[in-house]
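# Commentary on secondary and tertiary structure
Here is what each chain is made of, one letter per residue.
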Amino acid sequence: MVNSHRKLIFHIYIGFYCSAITLPKICVCSQFSTPFINQFSKDPEAFPVTTNGEPFPWRDLRLPHMAIPLHYDLLVHPNLTSLDFAASEKIEILVREATQFIILHSKDLEIMNATLHSEEDLRYKKPGKELKVLSYPAHEQIALLVPEELIADVRYYVAINFQAKLADGFEGFYKSTYRTSGGETRTIAVTDFQPTEARMAFPCFDEPLFKANFTIKIRRESRHIALSNMPKVRTIELKEGLLEDHFEATVKMSTYLVAYIVCDFNSVSGTTLSGVKVSIYASPEKWSQTHYALDTSLKLLDFYENYFHISYPLPKLDLVAIPDFGPGAMENWGLITYRETSLLFDPKTSSASDKLWVTEVIAHELAHQWFGNLVTMEWWNDIWLNEGFATYMELISINATYPELQFDDYFLNVCFEAIAKDTLNSSRPISNPAETPTEVQEMFDVVSYNKGACILNMLKDFLTDEKFQEGITHYIRKFSYRNAKNDDLWGSLSNSCLEGDFISGGFCYSNSKMTSNTLSFLQKNVEINEMMNTWTLQKGIPLVVVKQEGRSLRLHQELFLKGVFREDPEWGTLQERYLWQIPLTYSTSSSNMIHRHVLKSKRDTLELPEKTSWLKFNVDSNGYYIVHYEGHGWDHLITQLNQNHTLLRPKDRVGLIHDAFQLVSAGRLTLDKALDLTRYLQHETSSPALLKGLGHLELLYHMMDGRNISDVTENLKHYILRYFKAMIDKQSWSDEGSIFDRLLRSALLKLACDLNHPPCTQKAAELFSRWMESSGKLNIPADVLKIVYSVGAQTTGGWNYLLEQYGLSMSGAEKNKILYALSTSKHQENLVKLIKLGMEGKVIKTQDFAPLLHAIARNPKGQHLAWNFVRENWTHLLKKFDLGSFAMRVIISGTTSHFSSKDELQEVKLFFQSLKAQGSHLDIFQIVLETITNNIKWLEKNLNTLKTWLLVNV
């Protein structure tokens, strides 16, 4: 699944089956054994109480393993007029231990009846035994009580009839609508089950370890089509004009990967080199926007099959653009679902950034067909094995298939986003306990996705590309159609021996120790498991402090924390528990050679072969650590950047800018030193480095503007416009150039217009007027479209016209740009209207409400408006979004985390305390409070320095 945290939509701060089956090897723990059942019969009061007042025979959130599913036969009939569905299922189960009950997950389903059949019942067509059904909604579980004890190592068949409403949100089996250009509203039905919502569509063993096969049948009207994970094998005509589609049985998979859709979409199709049919589906009027996705999917699927040396295991792959969708995309096996903006590409309105995003999301979801689907984590505490790998594989696959997108440079931002959270004390380990559905939802965050990807990239750089590729291929082959955990991955990466290693006389490392000649720089063998556990089982990011004394390098490591300074009393205590094994890389002024060293202890010393004027650690920013150069280290680097910045690698220049400003936030480097470092940018030609430097200056500007510190705001504005004027003025209002040329153009022109630079605002206003005069038919270059709309939105007539065009546009990419522009209005009545429309969910879809509120909160005229809305409408928001959902986390952090005063901190703290008193608690609460506290500390420590620096440099 792609979570939209990686790109908010505004680009600012989802019959019986009786053939032979290989039985899964599932460990039956003692806690699930017969004594537990006996305990229930002896002491039922120790167990939860069901909805009818009887004791429920199971008290844990996790299901018992006394019975496991082998096969589901599921029949679903959604009614898109009455907006409900009727369904039946038959589950083939294997009893592993004798039991008198079966526990399943079920949420918001009305169970009509349930019966149990033995194999003998089926053979002789005997009637099944009716089962008593008990419900315990607090754990989203039902218990099926059997009249006679089920016998171990015997198969049984459970038949259940049930019904429910199509859900209103974005989970389970829910309704989605879209509007045609003629104004007609059409309804479709779609599923989204990750992580714990399959139970909203059918009673099931809704945990990733319970893999099974699924045979699915769907009833529909003739005006619709039905899609599911597997190809359709036949369609049967029923009474009253209904059709019943039968799909092939799936491979063995977890419940969260099951998917089915009833819709009226059109498609475009192609075939991979290995014969897999790939189809892209969208609503009829958006069919023309599917072609880029098809070309990209075909190319990427071919790449993955070749890279993993493992064929995609299904005969088809459908990618479907859903009008209402929570995350960015979802990797359902064979039927991947996307937000429209994550799949569709409109050449007229989709920018370079949009193209990069669509390519990235497709690459991510296709990687999941191996990482996550073929091999699945045992439990959600290791969701990073799915999401971190899929994010990492974006880098590998896009670099190989679309080198012109320069994704290698873009990947730096993936790691910087992870560091932004991981430098907070409220961060968490990559592998982290999660039990409740809300806790599981919170695991889908930047730590699992981005940090997971970045430590894999660091490990790849350590092991070499070849050995890393061999290791992950070994991992996938070994655990195909099974579940894995952290240690299984490290074991595979430590034992990726292939036959060729021995035939060629090469080495093969084992017992998790590396002895490759490529790692001859290591004085001792490195245990992969031991090293990588320091990155997955403890939170945070290390700071490597480097001090050069002649030819000696004094190194030490510590936990890096924003807002916690060495003089603070808690600093020492926080450092005690943390130690990483860090694969260091560095280069020097004397040599282009990349030196390597694994820092395993708190302190270490290295000897340089020759004297050097400067050195740079973390070559190409492949490592997941921050570096501070004590003594004159930073001065030497700044001097080199000013004299000849090209002697440092382009990505190293990006890394220096990033680390410098991170160090300011921890009090390890003064702000004026970090700003001095950026002054070389007037000579910079690398777009990623320019974007990084501009980003920090823009962040400072918005912080001052939001606090209404007018003198500093004006001086910053004058400095930026004077310093980057030549660069801004030479930008064309076009879509020309490389991907990073185009990203830089968009960033520079947006910043210039935000700062009211007359040449920029005048050009944008002129284009907007011409666009209005053409009734929206003038083609404005997509890379500057958001800028033009934002300037146009500052007039009453322009704002109203944009809102009208928003309702008419058939391009999701354009609608996002319009909505962002509307959120920049300086008139609060306009912002209030946007919030109202977002809550109504008709003109502005509910899926877009969270990022809309985030955008409004970043507008100085809307920051307190958005915050007050959240406080006053919390109950209404909970009706629209689950507490732990990504949307709710965006709403909470997006409307508060920019605050930087003690009064605002107190307001937020009191609000969170009131929510906790009502039983609502999220990890994001502590993250927000820490962020606001750090903002306050940053201003106290750096505001005067910024004022002084600007007076000297403006």
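Per chain, residues are indexed from 1 in the order of the written sequence. Totals for whole chains, interfaces and linings use all residues, but because this is a predicted model, local features are given only for residues with pLDDT of at least 70 and pairs of side-chain atoms are given and counted only at 80 or more. With hydrogens and water stripped out, all remaining heavy atoms of the structure feed into the side-chain values.

As recorded by an unreviewed UniProt entry, the protein carries the name Aminopeptidase and is attributed to Trichechus manatus latirostris. Turning to the protein, the UniProt record has this under Sequence similarities (unreviewed entry): "Belongs to the peptidase M1 family." One UniProt comment on the protein, placed under Subunit (unreviewed entry), says "Heterodimer with ERAP1." UniProt positions are given in the numbering used here, feature names are shortened, and annotations may be inferred rather than shown by experiment.

## Things to note about the overall build of the protein
Only runs of H or I of at least four residues qualify as helices and only runs of E of at least two qualify as strands under DSSP, and these elements are numbered from the N terminus. What the protein contains, in helices and strands, is 32 helices and 31 strands. Its C-alpha atoms give the protein principal-axis dimensions of about 90 × 70 × 60 Å. Going through the 954 residues of the protein one by one, you find that 62% of them count as buried. Put simply, the protein shows about 35,800 Å² of open surface, and 49% of that area lies on carbon and sulfur atoms. Positive charges are assigned to Lys and Arg, negative charges to Asp and Glu, while His and the chain termini are left out of the count. Note on charges: their place is set at NZ of Lys, CZ of Arg, CG of Asp or CD of Glu. Here the protein holds 98 positive side-chain charges and 110 negative ones, and the gap between their average locations is 2 Å. Residue burial is assigned from relative accessible area. The probe radius is 1.4 Å, only protein chains are included, and a residue is buried under 20% of its type maximum, exposed over 50%, and partly exposed in between. Computed with the Shrake-Rupley method and a 1.4 Å probe, the accessible areas treat only the protein chains shown as cover for residues.

## Topic: the packing of aromatic side chains
One pair of aromatic rings is described through two measures. These are the centre distance and the angle between the planes. Two aromatic rings from Phe, Tyr or Trp, using only the six-membered ring of Trp, form a pair when their centres are within 6.5 Å; if the ring planes differ by under 30 degrees the pair is stacked, by over 60 it is edge-to-face, and anything between is tilted. By the definition in use, this model includes 50 aromatic pairs. Aromatic side chains Phe849 and Phe869 sit 5.9 Å apart centroid to centroid with 65° between the ring planes, which places their arrangement in the edge-to-face category. Taken together, the positions of Phe849 in helix H27 (residues 849–858) and Phe869 in helix H28 (residues 863–872) put the pair 20 residues apart, joining distant regions of the chain. Here the basic side chain of Arg59 rests over the ring of Phe47, its NZ or CZ set 4.9 Å away from the ring centre. Both a distance and an angle decide whether a charge sits over a ring: NZ of Lys or CZ of Arg must be within 6 Å of the ring centre and within 35 degrees of the ring normal.

## Some thoughts on the state of the cysteines
When the sulfur atoms of two cysteines come within 2.5 Å, that pair is taken as a disulfide. Counted by the stated rule, this structure contains two disulfides. Residue pairing for Cys415: its cysteine sulfur links by disulfide to Cys454, the two sulfurs lying 2.1 Å apart. Between Cys415 and Cys454, the disulfide has an S-S torsion of -110° and is therefore left-handed. With a gap of 39 residues between them, Cys415 in helix H7 (residues 407–422) and Cys454 in helix H9 (residues 446–463) connect regions that are remote in the sequence.

## Comments concerning the UniProt feature "domain: ERAP1-like C-terminal" (unreviewed entry) in the protein
Here the UniProt-annotated "domain: ERAP1-like C-terminal" (unreviewed entry) positions come out as residues 614–933. Between the end C-alpha atoms of residues 614–933 there is a gap of 35 Å, over a span that is 68% helix and 2% strand.

## Points about the nonpolar core
Residues enter a nonpolar core if they are buried and are Ala, Val, Leu, Ile, Met, Phe, Trp, Tyr or Cys, with the set joined through side-chain atoms within 4.5 Å. Counting residues in hydrophobic clusters, the biggest one holds 323 residues, and the most contacted among them are Phe202 and Tyr260. The contact partners of Phe202, leaving out residues within four places of it in the chain, are Tyr72, Leu74, Glu89, His105, Leu109, Phe162, Phe193, Phe214, Val258 and Tyr260. Contacts: residue pairs with any heavy atoms within 4.5 Å of one another.

## Comments concerning the domain arrangement of the protein
Each domain of the protein was delimited in the assignment, giving domain 1 (44–264), domain 2 (379–505 + 518–536) and domain 3 (540–676). Domain boundaries shown here were taken from an automatic or database domain assignment. A C-alpha centroid distance of 34 Å is found between domain 1 and domain 2. On the side of domain 2, 14 residues touch domain 1, which itself brings 15 residues to the contact. In this assembly, domain 1 packs against domain 2 so that about 1,300 Å² is buried in total across both faces, 62% of it on carbon and sulfur atoms. Put simply, buried area is how much 1.4 Å-probe accessible surface two parts lose in total, over both of them, once they are put together. Contact with domain 2 buries area across many residues of domain 1, yet Arg62, Pro195 and Pro208 alone supply 36% of it, more than any other trio. The salt bridge criterion pairs a side-chain nitrogen of Lys or Arg with a carboxyl oxygen of Asp or Glu, the two atoms within 4 Å. One can count one salt bridge joining domain 1 with domain 2. Here a polar contact is recorded for every N or O atom pair within 3.5 Å, except that within protein the pair must consist of a potential hydrogen donor and a potential acceptor, and residues adjacent in sequence are included only if both atoms are side-chain atoms. At the junction of domain 1 and domain 2, the tally comes to three residue pairs in polar contact (both at pLDDT 80 or more). Here the side of domain 1 that touches domain 2 is built from residues that sort into six nonpolar, two polar and seven charged. Any residue that is not Ala, Val, Leu, Ile, Met, Phe, Trp, Tyr, Cys, Pro, Asp, Glu, Lys or Arg is counted as polar, Gly included; the first ten are nonpolar and the last four charged.

## What to know about unusual backbone geometry
With an omega of 0°, the peptide bond between Gln194 and Pro195 qualifies as cis. With respect to the helices and strands, Pro195 occurs in the loop between strand S10 (185–192) and strand S11 (213–221). The backbone of Ser775 sits at a positive phi, close to 60°, despite the residue not being glycine. Locating Ser775 in the fold gives a position in the loop between helix H22 (758–773) and helix H23 (785–792).

## Digging into the pattern of salt bridges
If you walk through the whole model with that rule in mind, you get 43 salt bridges. One salt bridge connects Arg155 with Glu92, and the closest N-O pair in it is separated by 2.7 Å. Here Arg155, found in strand S8 (residues 154–165), pairs with Glu92, found in strand S2 (residues 84–95); they are 63 residues apart in sequence, far enough to count as distant. By relative accessible area, Arg155 is classed as buried at 19%. For Glu92, a relative accessible area of 1% gives the class buried. A salt bridge links Arg186 to Glu184; its shortest N-O distance comes to 3.3 Å. Each of Lys107, Glu140, Arg199 and Asp206 takes part in a single network of salt bridges with overlapping partners.

## Some thoughts on empty space enclosed by the protein
Cavity: a set of points on a 1 Å grid over the protein atoms alone where a 1.4 Å probe fits but cannot get out. Pocket: an open set with protein on both sides within 12 Å along at least five of seven lines, its lining residues, like those of a cavity, having an atom within 4 Å of a point. Grid points are joined across faces, edges and corners, and a volume is the space filled by probe spheres set on the points. Looking at the second largest cavity, its volume works out to about 100 Å³. Taken together, 13 residues make up the lining of the second largest cavity; nearest its centre are Phe416, Asn618, Ser621, Gly623 and Tyr625. For the lining of the second largest cavity, the secondary structure elements donating two or more residues are H7, strand S30 (615–617) and helix H16 (650–665). Considering every element that reaches the lining of the second largest cavity, the biggest residue donor is H7, with four residues. Partitioned by chemical class, the residues of the lining of the second largest cavity number six nonpolar, five polar and two charged.

## Some remarks on helix H17 (residues 671–678)
Of all the residues in H17, the buried ones are Leu671, Ala674, Leu675, Leu677 and Thr678. For H17, the arc enclosing every buried residue in end-on projection is 150°, short of the 170-degree limit, so these residues lie on one face. Looking at the buried side of H17, the elements it contacts are helix H15 (633–644), H16, helix H18 (687–706), helix H19 (710–723) and helix H32 (923–953). It is the directions from the helix axis to the C-beta atoms that the arc portrays.

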